[in-house]
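For reference, the chains in residue letters:
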Amino acid sequence: MRKTYASLLNANGVPLDCIREQLGHNSLPTTLGYIFNPLTDNETYRLMRDAL
């Protein structure tokens, strides 16, 4: 449930620090371990390129 919660928050644009606080983590790397990225590498890179 925690991974789903963190992933849904992330997919909807909630800042990582807010997700970290919601999960009660002290460090961001711990929180990042809970977030699932359903996109392929190419889709992720395209989003990154478009953001820049």
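Just above, that's the structure.
Residues numbered from 1 in each chain as written. Predicted model: local features only at pLDDT ≥ 70, side-chain atom pairs only at ≥ 80, totals over all residues. Heavy atoms only, no water.

Student: In this structure, what is going on with the overall build of the protein chain? I would like to understand it.
Tutor: Summing up its helical and strand segments, the protein chain has four helices and zero strands in all. Secondary structure elements of the protein chain, listed N to C terminal, follow the sequence α-α-α-α. Principal-axis analysis of the C-alpha atoms gives the protein chain an extent of 30 × 20 × 20 Å. The 52 residues of the protein chain split such that 19% are buried. Residue pairs at least 24 apart in sequence account for 27% of intrachain contacts in the protein chain once pairs closer than 6 positions are excluded. Of the roughly 4,200 Å² of accessible surface on the protein chain, 57% is carried by carbon and sulfur atoms. Separation between the mean location of the 5 positive side-chain charges and that of the 5 negative ones in the protein chain comes to 5 Å. (Helix = DSSP H or I, 4+ residues; strand = E, 2+ residues; numbered from the N terminus. Buried < 20%, exposed > 50% of the residue type's maximum accessible area, 1.4 Å probe, protein only. Contact = heavy atoms within 4.5 Å. Areas by Shrake-Rupley, 256 points an atom, 1.4 Å probe, with all protein chains shown as cover. Lys, Arg positive; Asp, Glu negative; His and termini not counted. Charge placed at Lys NZ, Arg CZ, Asp CG, Glu CD.)

Student: Mind showing me how you'd approach the nonpolar core here?
Tutor: Side chains that are nonpolar tend, in soluble globular proteins, to be buried together. By size, the foremost hydrophobic cluster in this structure holds five residues: Ala6, Leu9, Ile19, Leu23 and Ile35. The residues touching Ala6, leaving out its near neighbours within four places in the chain, are Ile19, Leu23, Tyr34 and Ile35. (Core = buried A, V, L, I, M, F, W, Y, C linked by side-chain atoms within 4.5 Å.)

Student: Hey, could you run me through the side chain of His25 in this one?
Tutor: In this structure, His25 sits in the loop between helix H2 (16–23) and helix H3 (28–32). For His25, a relative accessible area of 10% corresponds to the buried category. Of the polar contacts made by the side chain of His25, one reaches the side chain of Arg2; its length is 3.3 Å. Polar side-chain contacts of His25 include one of 2.8 Å to the side chain of Thr31. Beyond its immediate sequence surroundings of up to four residues, His25 is in contact with Arg2, Arg20, Thr30, Thr31 and Tyr34. (Polar contact = N/O pair within 3.5 Å; in protein donor to acceptor, adjacent residues only side chain to side chain.)

Student: For this particular structure, what's the right way to read the environment of Leu32?
Tutor: Residue position: Leu32 is located in helix H3. Looking at Leu32, the relative accessible area reads 42%, which means it is partly exposed. Note: C-alpha distance between Leu32 and Glu21 (11 residues apart in sequence) is 12 Å.

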